[in-house]
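One-letter residues, chain by chain:
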Amino acid sequence: MNETGQQGWIFEGEASGASPRDDLRVTPMMSQFMEIKAANPASLLFYRMGDFYELFFEDAEIASRALGITLTKRGKHLGQDIAMCGVPVHAADEYLERLIRLGHRVAVCEQTEDPAEAKKRGAKSVVRREVIRLVTPGTLTEDTLLDARRHNYLMCILRPKGAYELALAWLDISTGDFRVATIPLSGLGTELARLDPGEIILPDTLLADEEVAGPVKHSNAPLSPLPAVRFDSTTAARRLADHFAIAAPEAYGLTSRAEIAAAGALLDYVSVTQVGRLPKLSHPRKDEQGGTVLMDAATRTNLELLKTLTGERKGSLLDAMDLTVTGAGARLFASRLAGPLTDPAAIHARLDAVAFFHGERNLRKDLRRELSRAPDISRALARLTLGRGGPRDIAAIGQGLASARMIAQALVPTGLGSMPAEIIAARECLGQSDQGL
Amino acid sequence: MAASLKDELPLMARDGSFVREAYDKDLDELRALSDNGRRVIAGLQARYISDTNFKSLKIKHNNVLGYFVELSPAAGQELLKSPHAANFIHRQTMANAMRFTTAELADIESRMAVAGDRATALELEIFTKLVARIGEQADVITNIASALAETDVAAALGELAETANLTRPKVDASRAFAMEQARHLVVEQALAHSRGGTFIANDCHLSADEGGHPIWLVTGPNMAGKSTFLRQNALIAVMAQMGSFVPAKSAHIGVIDRLFSRVGAADDLARGRSTFMVEMVETAAILNQSGPRALVILDEIGRGTATFDGLSIAWACVEHLHEVNQCRALFATHFHELTRLSQKLSGLKNVSMTVREWQGEVIFLHEVADGAADRSYGIQVARLAGLPPAVLTRAGQVMQMLEENAQKNPASDLAHALPLFDAHAKPVPAQHPALAKLAETSPDQLTPREALDLLYVLKQLT
């Protein structure tokens, strides 16, 4: 698109007969568009104009093909027709979802001042516009764009030069879960199969490293290669220390420079895509390897754990087992099924909790009814802390906390059995909803 | 917090009117002002009607004019004249109406607009405060969210345990693997759904502790349920270790740290690798990575290549699993020759899917029984699938011939003929192709011309 512009500058003005001067003039709006587009070259630019997000030039061609919407023209730029298509703002989420699913990234550019203000600067001035957000597959928070029953991890993969270990960091921006791990190079495929990330960032140089690029490509996760300088460990350490208000990332047990670099790069990427706003994130926790059963992608596919061989959820073990009634519960269920434990004591603690609910039939039914009414408070919280939330998100949190209170009160055994530790801990935590709010 | 918001809420805070009445006094006053404005306007309409005597006079609102007085054109003409003209300012004439404003109307309107704007601003302020308060409590809210999720999962598994008739597994640090009357949850549900009969439960004992048989070699015809049996045991291990009850009468599992499940011949066309290559890459991963706590499920490995290659590879794999990996494994195969291995490998046990023949047809019982299958019933299965009778008859003849041949030259000697797999066996150095070529020629049989040709061939091989 830019190339078209550049060539046009040289040739088109002279070639197009009638009024070359008109053709050569770049409208103020177009020059604003060009500037914003140049700052976001890898994304389709949703340019807000009134009640529409408009796309121009090559973006318009890509979007019209992908979305099946009409491609039109709007004026000329340097003597050439400007291809354009648009989506109404009120239906933008649906179009965004389709573009993201197809692996595109979208920069959303809004009008950030009142048109009346712009007029004060002169009749021809353009309304100020700014990119308020980059929408990428791994940084979504909207319920409409997310599968309520699946985690959506953004992952960073780093390989220190010549090492046979990789540093991984991953986080779910919509729930704030943030993990770091060091894994053997040979374990990458298995780990990708377990976590099934929604987007992977990595230094572009790593794409030439077949030992990393092979498993990464096989996982089919959308990739966002970035310049290697974005993964600098010194900058990363400072960034982590600033964000979490700690002296050094070692405080969280991140020992290797690669782990720190990976965690810091993720934080930076989220900050860039959210244009400076960061969601509420838990501090990075070291994911202890060996705590879960190792299963590679072929094993998972073959056993049809989360999906069938044909890629559907129906017919999988997850589909047969998952009777959870909340989105957060379903996400936890799927990640537990994807990573069964290897510590008998931890397995028994979970089985104790299941046995408790198995025995307490009435309590279980009441509790599940109450739970099914509880909204997804972690995703509502993420939207609010990102400044993307609305009154409904506040109401959702209020309602969720009220449910938590009721559930805490209801969690009393009616039979003779005593309460397992896991449920006592949950009850204490749910009881906190009384305080403060 | 519940006290602050209305029941019906807008998506965006800037849309306003989401704060509940009586939550904020200032907001209530501003709203009263704008509500009051509406009442004043109604009063004004009544006064204008009595002043002008036009019963059809109405005060309306649109986004262009704001509030205005509307009358029929005939009545409107009267307002253009004195004494009304002093009060009513003409704004618009339409085919069937005339529109006017008045100073009072404009005044009320601007007061209402100001109140409305201030109310919205105030609501936004309240919204921001609520968000800030939630932000302060973000840690607590996050903890509550995860406690809710955990409770949901435990209750859901409790519900599943009851509805799907599951039992609590015993998981410990041993290397046991004992399933009594175990089932495949997904297949069982599908059968129940389609009313296709009941699922046949089967036992499985792969204990790697003293005296057990950690490797089961499963034989039996296709469609008899080998794959289902293999997978159900892997799935039960996954279910147990994620913390769920399991579909079995009882289950005892020594913790598994690594699980492999492979089916022979899964084509990977997308990556341009042949079936056999994929199979071997995956098998290599299993043999290189399985430790004493691994569980390995191998379904028809070696199927992707010629019979003798496949048999040899499968044979070596079983030996390696038994001697080197020493893991628990289920190995399904249609190479019946492999069943002879149980004579040499103490930890290997043969089981088979039982089949009855009745009037020339096979009936699958889906039961796992001790001992190897006597044959594979491939022709009977082919009949079920509807192969033409002529083909079936011919296949029967060919099979008889092959079996007679096999008896003259029994493969059963294979187990004894081959030395027991030696984990430290040195790989045989590969012979140079030129030497191999030389070894198979007998110079006496060659014409001078053929000898010269051979020399060229040998030259090419170097």
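Please read these numbers as outputs of a predicted model, since none were measured by experiment.

A. Just the interface of chain A and chain B, in detail. Taken residue by residue, the interface counts 71 residues in chain A and 69 residues in chain B. In this assembly, chain A packs against chain B so that about 6600 Å² is buried in total across both faces, 71% of it on carbon and sulfur atoms. One salt bridge connects Glu159(B) with Arg368(A), and the closest N-O pair in it is separated by 3.5 Å. Our count for the chain A to chain B interface comes out at 20 residue pairs in polar contact (both at pLDDT 80 or more). For the side of chain A that touches chain B, the element with the most residues is helix H15 (residues 344-359) of chain A, which contributes 11 residues. Each residue belonging to the side of chain A that touches chain B can be placed in one class, and the counts come to 40 nonpolar, 21 polar and 10 charged.

B. Inspection of the packing of aromatic side chains at higher detail. Residue and element names in this part refer to chain A. The final tally for this structure, using the stated rule, is 12 aromatic pairs over all chains. Here the aromatic rings of Phe33 and Phe57 are separated by 6.1 Å at their centres, their planes lie at 40°, and the arrangement is tilted. Here the residue Phe33 occupies a position in helix H4 (residues 28-39), and Phe57 occupies one in helix H5 (residues 57-67), the gap between them amounting to 24 residues. Like Phe57, Phe33 is buried.

C. Just the pairing of strand S3 (residues 72-77) of chain A, in detail. All names here are of chain A. As judged from the four bridges shared by S3 and strand S4 (residues 80-88), these two strands associate in the antiparallel manner. Across the sheet, the residue bridging to Thr72 is Met84, located in S4. If you look at the hairpin formed by S3 and S4, you'll find two residues sitting between the two strands, and Leu78 has a positive phi there, around 50°.

D. Just the layout of surface pockets, in detail. Estimates place the volume of the second largest pocket at around 1600 Å³. Contributing to the lining of the second largest pocket are 44 residues, with Glu142(A), Gly387(A), Arg388(A), Gly389(A) and Met12(B) lying nearest its centre. Contributions of two or more residues to the lining of the second largest pocket are made by strand S1 (44-49), helix H6 (92-101), strand S5 (106-111), strand S6 (129-135), helix H17 (377-385) and helix H18 (391-410) of chain A together with helix H3 (103-136) of chain B. Counting residues per element, the lining of the second largest pocket draws most heavily on H3(B), which supplies five residues. Considered class by class, the residues forming the lining of the second largest pocket number 21 nonpolar, 10 polar and 13 charged.

E. Local environment of unusual backbone geometry. Residue and element names in this part refer to chain A. Its identity as a non-glycine residue notwithstanding, Asn220 has a phi of 65°, on the positive side. Examined against the element boundaries, Asn220 turns out to sit in the loop between helix H9 (210-218) and strand S11 (223-226). Under the relative-accessibility criterion, Asn220 is labelled exposed at 69%.

F. Molecular detail of the sheet that holds strand S13 (residues 294-295) of chain A. Strand order in the open sheet formed by seven strands is S13(A)-S10(B)-S11(B)-S12(B)-S8(B)-S13(B)-S14(B), with mixed pairing between adjacent strands. In the strand order of this sheet, the two ends are held by S13 of chain A together with strand S14 (361-370) of chain B, each with one partner. Pairing analysis gives seven bridges linking strand S13 (residues 348-358) of chain B to S14(B), with the strands arranged antiparallel. The residue bridging Val355(B) from the neighbouring strand is Phe364(B), located in S14(B). Running over the sheet, helix H7 (residues 275-289) of chain B touches strand S10 (258-263) and strand S11 (294-299) of chain B and is turned about 155° from S10(B).

G. Structural context of the confidence of the model for chain B. Residue and element names in this part refer to chain B. Across chain B, pLDDT averages 83, with 90% of residues at or above 70. Predicted confidence is poor over residues 266-271, with pLDDT under 50, and the contacts of this stretch with residues over four places away or in other chains come to seven contacts. Scoring of the predicted complex yields 0.78 for pTM and 0.79 for ipTM.

Definitions and cut-offs
- Residues numbered from 1 in each chain as written.
- Chains lettered and ligands numbered in written order.
- Predicted model: local features only at pLDDT ≥ 70, side-chain atom pairs only at ≥ 80, totals over all residues.
- Heavy atoms only, no water.
- Contact = heavy atoms within 4.5 Å.
- Buried area = accessible area lost by both parts, 1.4 Å probe.
- Salt bridge = Lys/Arg side-chain N within 4 Å of Asp/Glu carboxyl O.
- Polar contact = N/O pair within 3.5 Å; in protein donor to acceptor, adjacent residues only side chain to side chain.
- Helix = DSSP H or I, 4+ residues; strand = E, 2+ residues; numbered from the N terminus.
- Nonpolar A, V, L, I, M, F, W, Y, C, P; charged D, E, K, R; others polar.
- Phe/Tyr/Trp six-rings, centres within 6.5 Å; stacked < 30°, edge-to-face > 60°.
- Buried < 20%, exposed > 50% of the residue type's maximum accessible area, 1.4 Å probe, protein only.
- Pairing = 2+ DSSP bridges.
- 1 Å grid on protein atoms, 1.4 Å probe; cavity = no way out; pocket = protein on both sides within 12 Å on 5 of 7 lines; lining within 4 Å.
- Points joined across faces, edges and corners; volume = space filled by probe spheres on them.
- Axes fitted to C-alpha atoms, helices over the stretch in contact; angles between N-to-C directions.
- pLDDT = per-residue confidence, 0-100.

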